[in-house]
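# Results of the structural survey
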Amino acid sequence: MKPLQADVIVIGGGLMGTAAAFFLRRRGRSVILLERGLVGQQASGVNFGNVRRQGRFLPQLPLANRSREIWGRLRELLGEDAEFLATGHIRVCYDPSQIGVIEAYAQKARDYGLDLELLSANALKARFGFFGPEAIAGSYSPNDGHANPRLAAPAFARAAARAGVEVFENTEIVSIAKPGDDFQATAADGSVFSAPIALVTAGAWGGALSQQFEEPVPLAVHGPQMAVTEPLPYRIRPVIGVSTVIPAEVVYLRQVERGNVVFGGGARGPAFADTRRAYAVPGNLTGQVRQIRRLVPALANMRVIRTWSGIESYLPDDIPIMGPSARLSGLYYAFGFCGHGFQLGPGVGDVMAELIDRGSTTTLIEPFHIKRFATAEAARLVSA
Amino acid sequence: MTSSESGRFRRVGEQDRPRLVFSIDGQPAEGCKGDTLLVAMLTQIRHLRSSEFGDGDRAGFCLMGACQDCWVWTDTGERLRACTTPLAAGMCIATKAPEQAWPTLA
Amino acid sequence: MADPRIVPDPRIVIVGAGPAGVRAAETLVAAGVRPIVIDEGGRDGGQIYRRQPEGFRRSYASLYGSEAGRAEDLHRSFEALRDRIDYRPETLAWGIWEKQLHLLQGSRTSEVDFDALIIASGATDRLMPVRGWNRAGVYSLGAAQLALKSQASAIGSRVVFMGSGPLLYLVAAQYSKAGAKVAAVLDTSSFWLRVKALPRLIARPDVLLKGLALTWKLRRARTEIETGITPVEIEGQPETGVETIRFRTNKGQERTVACDAVALGYHLRPEAQLADLARCEFRFDVQTRQFFPVKDTDGRSSVAGIYLAGDGALTLGADAAEASGHLAALAVLTDLGRQVATRDVGRLRRRLRAFERFRRGIADAFPWPASAAAAFSEDTVVCRCENITAGELRAAVTTGSVELNHAKAFSRVGMGRCQGRYCGHAAAEVIAASAGVSIETVGRIRGQPPVKPFVIGAESDAKEGA
C-alpha cells in the first residue's frame, strides 16, 4: 500500500495532538493526525475542565501562561470557544499550617507573571458567601477559569481539518519505525503513514510508542472520579479547589452556566488502556461528597445525577513528558500529563509546533524532557 | 373533599381522608393524608416547577421516581421528589428556587 | 462428599420487591436462606401491584380488577415472609462494584456484600416523543395508572391515551370505570396487525380474551378509539400545558381532540442500569429494536453471581415475572450447590416459553413506531430533561456522532436527571435515521452510577459484611 505522506504525523487525537496539528498547519506544515478512536474521547474529553494555573509546579507556569493566552483567543482561532469562561479560580485551605504554603506560592508565582490575591476567612465569606466555616483562607486567581472538555479537542480538530490537516479517526497505529529518512507508522488496517517528523501525543498509549523507540517511561494509568449534579441556578462563578496535604481532601468543583455543578478529586479509579475503559467507583463518590459539602455546605441538599471516569496517564514525578526524543532526530513527545493537562493543551500544541518548526521554543519545557527517565533509577522504575 | 378547580389532577375516590394543610409558594394549600406531595400539589395548581432550559412549566411525568421531573424546593432550600414524598402537614413548598441564592442558604 | 460449590451461609441479595423479587425471596426462604430484599418502594408489590397508602379503603377487586387474586396472593406471600427476610424498603441500590452493592436510604449510604445478586428491578414506560410531549400535563401511561391505583386520582379532566400496546387499553378502561373522562384512545398500531398476530397471541388465551373485553367495554362507554394513527403534536402553552392533541387518522386526515392531559406509552422497557453497572452483556432484539441484558432461561446473566428476573430483564409482564423470580432463585440455589426440584424448573421454563411467544405476538400486534423518529420536526424535543431537540441531535450526527454515547456527549441528549431512560430509545432512532446506519450499531446509553440521583448530604453507615 502506498504510504500517505506529510511533513509531520501526529499520533493521538486528544487535546495535545489536535492543538499541535492545528498550530503546525498554521506554520505551513502539512500534517496527518492519527487517532485510534474518535478525537477528544479519552483524558481530553472526560477531565474536569479546569483552566487553572495557580497551584501548578512553578516551572510549568510559563507554559500555562502561554496556554491561558490561547484559551482567551479560542473563538478568534477556532470559531468556537469550547465554553471557556474566565471566571476566576480559588483555592481554599482548612489547616492553618497551609496558609503559609499558599502565601509562599503566591509570592513565587508573581515572578512567573501570575498574580494571586490572598483572602482571609472573612474576605472569603464576604466575597463568595458559599464556603463552609472550615475554609479559613484562600488564594484567588482572577484570570483562570474553566471550559467544556468534551468540546475542546473536537474544536481544535475541526479547525485543523478546515485548515488542511488530514484527520484519520478509528486509525490505530500498531507499529512505528524510522527505517530511513522518514518515520513509517502502520495502522491496524495496514495503511501506512510517512513523514520526516513524528509527534507522539497518545496520552496513556504514548508509553507503548516511546518503548518502540527504546525510550521506555514508567507510565501508569488511572481514572479520575468525576461527578455532576442536577442543574441549579447559576450562582458559583469561580472554579474551586482545596489546598491540602491530605489526598482525600483534594476535591475541586465548578458550576457550568447551564447550572450543573461538576466535581472530582480524592481517590482515583481503575483504568484499562487495552479495553479503553475506566470506571467511576461507587465507594469514591461517598468519600467525595463528604469533602464537597465541607467546601460548599449548601450542596448537601443537591443531588449527583451522573458519574464518569476516563483514562489518564501519570508519571512518578507528576509532570509530563514533553520535548524532543533523546535518541532519534525528528521524533517528539507530548504525553503523560498526570491529570493536569487540560489547561496546558492549547499551549502544548503551540509550543510543540514552534519546537518542530523552529528547532527551539521560547517557553521553558526542559524539566519535562523524556531523558529524565533514561537513567539507572528510571530503568529500575520501568522494570518494577 | 373536592379537588380545587384550578388544579390539574382530579380525585376520583378515597375522598374522606383527613385533611393536611401545607403551603405552595406561600399560599395555603390543602391535601389529604396518604397523598404524595405531587398529587397534593397538582390537585391545587397546574404545575410543580419550571424547566431550567426555558421550555415552560412541568407537572411531573412518570410518578414512579424514575424521570426525576418533579423535584420541588422547600422554602429552606431543600429538594424533594414530589412523586415519592408523602405529604406532611406544614410543608412549605416552592415551585421556584428560593429568592436567596441557594449556595448561601446553608 | 461435600459439594465444593456449597457456600455455608450464602449472602443473597434481591433488588426489587415486585412480583419477581417476592417470588425469588419466597423460593430462597423455602430453601432455608434469609435473603436481603432491597426495594425503592415504601411497601412491597412493585409498580404493577403497588399497594395503596394506609387509610385508603378500596378493595382488591376495584384496585386490580381481573388481577385482584394475583395481587392479593403476592401481598399475602410477602407478609408471610416478612420475619424471614432482611427487608430494606425505601432503599435505592445506586451502584455496584465487584461483589458489593451500594445502597442509599434517605441520606444514609451503606454497602452490602453478596455471593449472589438477583436483580428484579422492574420496568418503566417505553416512550416515543411527539412534538409537545414536554408540556405540563403529559404523563407516561404508567404514571396515569399509578395516579389512579395508588392515589385515587386522574391525571386530568379530559385524558387522551396515546401510544400502543395492551396497557393503553387497560389504563383507559380503568379511567373510564373510575368515572374519569377518557377523551380518546389513539393507537399508532393498525388493527390488522392484531389479527395477523393472533397465532402468537393465542399462547395466552386468557389474556387475549381480557384484552378483547377491555376494548369492548371502552366502546360500550362510547370512548373514541382510533387505530393506525400518526401522532402530530400535543398542543398547548408553556405556562398552562396541554390543550389539544393533533394526529392523523389511519385515512390520513388531520384531527384534533381537546384534552388537558395525555398519557403516553409504547410498552415497557427494562430498568437494566444495575445489570449494566455489574457489566452484564446486552443483546440486541431485532423485533423490538432495543437491547436487553443477556440471560439464560433461568435468569443467569453473563456475569457469575448476577441473576436477572422479571421485567427488569425482559418485559414479559407480571405473571412471567413471578415465574422468572422463582426460577432465578432456583438457579442461585443450584449454583450454590443446593438440591432443587427439577420438576419445578421444567414447569417454570415451559411457562416462560409461552410468555415469550405471547410477548413476540404483542410486539407484532403493537409495534414500536420506529419511523416516527425520522419524521420529528427539528424543534421536537427528544430529551425532556435537558430540552434537546431532534435538530440539535441531528447536528451532532452531522459532526460525526453516529454512536449514541458519543452523540450524548456532544448534544447532551440523555444527559439529564433521568439518564436517558425516557429518550434513549428514541434518540437512537433519530441517529440511525439521520446517519443512515442500523439502530443496532447506534448502540445504547451506557449506564453510569448513580442509578438514580444521589444526595450530596449522604452520610455513610459502617460497611456490612466486611
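This text goes with the structure placed above it.
Criteria and thresholds
Residues numbered from 1 in each chain as written. Chains lettered and ligands numbered in written order. Predicted model: local features only at pLDDT ≥ 70, side-chain atom pairs only at ≥ 80, totals over all residues. Heavy atoms only, no water. Helix = DSSP H or I, 4+ residues; strand = E, 2+ residues; numbered from the N terminus. Rg over C-alpha atoms; globule rule 2.2 N^0.38 Å. Contact = heavy atoms within 4.5 Å. Buried area = accessible area lost by both parts, 1.4 Å probe. Salt bridge = Lys/Arg side-chain N within 4 Å of Asp/Glu carboxyl O. Polar contact = N/O pair within 3.5 Å; in protein donor to acceptor, adjacent residues only side chain to side chain. Buried < 20%, exposed > 50% of the residue type's maximum accessible area, 1.4 Å probe, protein only. Pairing = 2+ DSSP bridges. Expected span 1.5 Å × (residues − 1). Phe/Tyr/Trp six-rings, centres within 6.5 Å; stacked < 30°, edge-to-face > 60°. 1 Å grid on protein atoms, 1.4 Å probe; cavity = no way out; pocket = protein on both sides within 12 Å on 5 of 7 lines; lining within 4 Å. Points joined across faces, edges and corners; volume = space filled by probe spheres on them. Nonpolar A, V, L, I, M, F, W, Y, C, P; charged D, E, K, R; others polar. Patch = residues over 30% accessible without salt bridge, like charges linked within 9 Å, V, L, I, M, F, W, Y side chains within 5 Å. Areas by Shrake-Rupley, 256 points an atom, 1.4 Å probe, with all protein chains shown as cover. Axes fitted to C-alpha atoms, helices over the stretch in contact; angles between N-to-C directions. Left-handed = near helix turned anticlockwise from the far one by under 90°. Parallel < 35°, antiparallel > 145°, perpendicular 65-115°, else oblique.

Summing up its helical and strand segments, chain B has one helix and eight strands in all. Reading chain B from its N end, one meets helices and strands in the order β-β-β-α-β-β-β-β-β. Scaling as 2.2 N^0.38, a compact globule of 106 residues should have a C-alpha radius of gyration of about 13 Å, and chain B matches this with 13 Å. Judged by the C-alpha coordinates and their principal axes, chain B covers about 40 × 25 × 25 Å.

Turning our attention to the interface of chain B and chain C. If you look at the interface, chain B gives 37 residues, while chain C gives 50 residues. In this assembly, chain B packs against chain C so that about 3500 Å² is buried in total across both faces, 49% of it on carbon and sulfur atoms. Contact with chain C buries surface across chain B, with E14, F61 and M64 of chain B losing the most and accounting together for 22% of the total. Between D69 of chain B and R384 of chain C there is a salt bridge, with its nearest N and O atoms 2.9 Å apart. Counting across the interface, chain B meets chain C through 21 residue pairs in polar contact (both at pLDDT 80 or more). When contributions to the side of chain B that touches chain C are tallied by element, the ones reaching two or more residues are strand 1 (10–11), helix 1 (37–42), strand 5 (57–58) and strand 7 (79–81) of chain B.

Okay, the environment of A20 of chain A next. Residues and elements named next belong to chain A. Inspection of the secondary structure assignment puts A20 in helix 1 (residues 15–26). A20 gets classed as buried once you look at its relative accessible area, which sits at 1%. For A20 and F337, which are 317 residues apart along the polypeptide, the C-alpha to C-alpha distance reads 15 Å. Apart from residues lying up to four places away in sequence, A20 is in contact with L199, G349 and A353.

A few words now on the sheet that holds strand 11 (residues 183–187) of chain A. Residue and element names in this part refer to chain A. The four strands are arranged 1-12-11-10 in an open sheet whose pairing can be described as mixed. Since the sheet does not close on itself, it has two edges, and those belong to strand 1 (4–5) and strand 10 (173–177), each with one partner. Pairing geometry for strand 1 and strand 12 (residues 192–195), over two bridges, is parallel. Bridged to Q5 within strand 12 is S194.

Residues and elements named next belong to chain C. Compared with an ideal rise of 1.5 Å per residue, which puts 12 residues at 16 Å, helix 15 (residues 424–435) spans 16 Å between its outermost C-alpha atoms and is within 8% of the ideal. Listed in full, the buried residues belonging to helix 15 are G424, A426, A427, A428, E429, V430, I431 and A432. At its buried positions, helix 15 is contacted by helix 12 (372–375), strand 22 (381–383), helix 13 (390–398), helix 14 (404–411) and helix 16 (439–442).

Inspection of every chain in the model, using the stated rule, returns 28 aromatic pairs over all chains. Note on F183 of chain A and F213 of chain A: the rings are 5.8 Å apart at their centroids and 85° apart in plane angle, and the pair reads as edge-to-face. Of the two residues, F183 of chain A is situated in strand 11 and F213 of chain A in the loop between helix 8 (206–212) and strand 14 (220–222); the sequence distance between them amounts to 30 residues. Here the two residues F183 of chain A and F213 of chain A agree in accessibility, since each one is buried. Centre to centre, the rings of F161 of chain C and Y175 of chain C are 5.2 Å apart; their planes meet at 75°, and the pair counts as edge-to-face. Here Y175 of chain C lies in helix 5 (residues 166–177) and F161 of chain C lies in strand 11 (residues 159–164), a separation of 14 residues in the sequence. Its relative accessible area of 0% is what places F161 of chain C among the buried residues.

What follows covers the pairing of strand 2 (residues 19–24) of chain B. Residue and element names in this part refer to chain B. As paired elements, strand 2 and strand 3 (residues 27–32) share six bridges and run antiparallel to each other. Looking at strand 3, one finds that F22 is bridged to A29. Between the end of strand 2 and the start of strand 3, which pair antiparallel, lie two residues, with D25 showing a positive phi angle near 50°.

Listing the buried residues of helix 13 of chain C in full gives A390, G391, L393, R394, A396 and V397 of chain C. On the buried face of helix 13 of chain C, the contacting elements are helix 12, strand 22, strand 23 (388–389), helix 14 and helix 15 of chain C.

Before going further, it helps to spend a moment on the side chain of T27 of chain C. Residues and elements named next belong to chain C. Within the element layout of this structure, T27 appears in helix 1 (residues 19–30). Within the structure, the side chain of T27 is placed 2.7 Å from the backbone oxygen of R23, a separation counted as a polar contact. Discounting chain neighbours no more than four positions away, the residues touching T27 are H326, A329, L330 and L333.

The next point concerns empty space enclosed by the protein. All names here are of chain C. Taken as a whole, this structure holds six cavities of 30 Å³ or more when the rule is applied. Taken as a whole, the largest cavity spans an internal volume of roughly 430 Å³. Along the walls of the largest cavity sit 26 residues, with R269, G420, H425, R444 and I445 positioned nearest its centre. Mapped by element, the contributors of at least two residues to the lining of the largest cavity are strand 18 (268–270), helix 9 (273–277), strand 19 (282–285), strand 20 (290–293) and helix 15. Here the lining of the largest cavity takes three residues from helix 15, the largest share from any one element. The class makeup of the residues in the lining of the largest cavity is 11 nonpolar, nine polar and six charged.

All names here are of chain C. Residues F191, W192, V195 and L198 make up a contiguous nonpolar surface patch of roughly 420 Å² in combined accessible area. Top contributing element to the nonpolar patch by residue count: helix 6 (residues 191–196), with three residues. Structurally, V195 is set in helix 6.

A separate point is the sheet that holds strand 24 (residues 454–455) of chain C. Taken in spatial order, the nine strands line up as 6(A)-7(A)-5(A)-16(A)-17(A)-18(A)-15(A)-21(A)-24(C) in an open sheet, and their pairing is mixed. Each edge of the open sheet is held by one strand with a lone partner, namely strand 6 (117–120) of chain A together with strand 24 of chain C. Two strands pair when backbone bridges link them, and strand 17 (residues 251–255) of chain A and strand 18 (residues 260–265) of chain A are joined in this way by five bridges, in the antiparallel orientation. Paired with R254 of chain A across the two strands is V262 of chain A, which belongs to strand 18 of chain A.

This next bit is on the interface of chain C and chain A. At the junction of the two partners, chain C supplies 31 residues and chain A supplies 35 residues. Put simply, chain C and chain A have three salt bridges between them. Note that E386 of chain C and R258 of chain A form a salt bridge whose closest N and O atoms lie 2.9 Å from each other. Joining chain C to chain A, the criterion identifies 12 residue pairs in polar contact (both at pLDDT 80 or more). Listed by contribution, the elements that provide at least two residues to the side of chain C that touches chain A are strand 4 (91–97), helix 14, strand 24 and strand 25 (459–460) of chain C. Across the side of chain C that touches chain A, the residue classes tally to 14 nonpolar, 10 polar and seven charged. Where strand 21 (residues 303–308) of chain A lies against strand 24 of chain C, two bridges are found, and the strand directions are antiparallel. Note on strand 24 of chain C: the bridge partner recorded for V304 of chain A is F454 of chain C.

Right, let's talk about the packing of helix 1 of chain C against helix 10 (residues 318–335) of chain C for a bit. All names here are of chain C. Close contact between helix 1 and helix 10 brings their axes to 7 Å; oriented N to C, the two are set at 35°. Crossing of helix 1 against helix 10: the hand is right-handed. Within the contact between the two elements, helix 1 uses P19, A20, R23, A24, T27 and L28 and helix 10 uses A318, A321, E322, G325, H326, A329, L330 and L333. Grouping the constituent residues of the contact of helix 1 with helix 10 by class yields nine nonpolar, three polar and two charged.

As a further point, take the packing of helix 13 of chain C against helix 15 of chain C. Packed helices, taken two at a time, are described by their axes: the angle between them and the distance between them. All names here are of chain C. Running from amino to carboxyl end, helix 13 crosses helix 15 at an angle of 50°, the nearest separation of the two axes being 10 Å. Relative to helix 15, the element helix 13 lies oblique. In the crossing of helix 13 with helix 15, the sense of the turn from one axis to the other is right-handed. Taken together, the residues of helix 15 that come into contact with helix 13 (itself represented by A390, L393, R394 and V397) are A427, V430, I431, S434 and A435. Of the residues in the contact of helix 13 with helix 15, the class split is seven nonpolar, one polar and one charged.

Time to look at the pairing of strand 15 (residues 226–231) of chain A. Regular strands place side chains that alternate from one sheet face to the opposite one. Residue and element names in this part refer to chain A. Burial analysis of strand 15 places six of its six residues in the buried class, the great majority of the element. Bridge count for strand 15 against strand 18 is four bridges, and the pairing is antiparallel. When the bridges of strand 18 are listed, M226 appears paired with G264. Of the pairings in the sheet, the one linking strand 15 to strand 21 comprises four bridges and is antiparallel in character. Following the sheet pairing, T229 is matched in strand 21 by V304.

The values are spatial; any link to function lies outside them.
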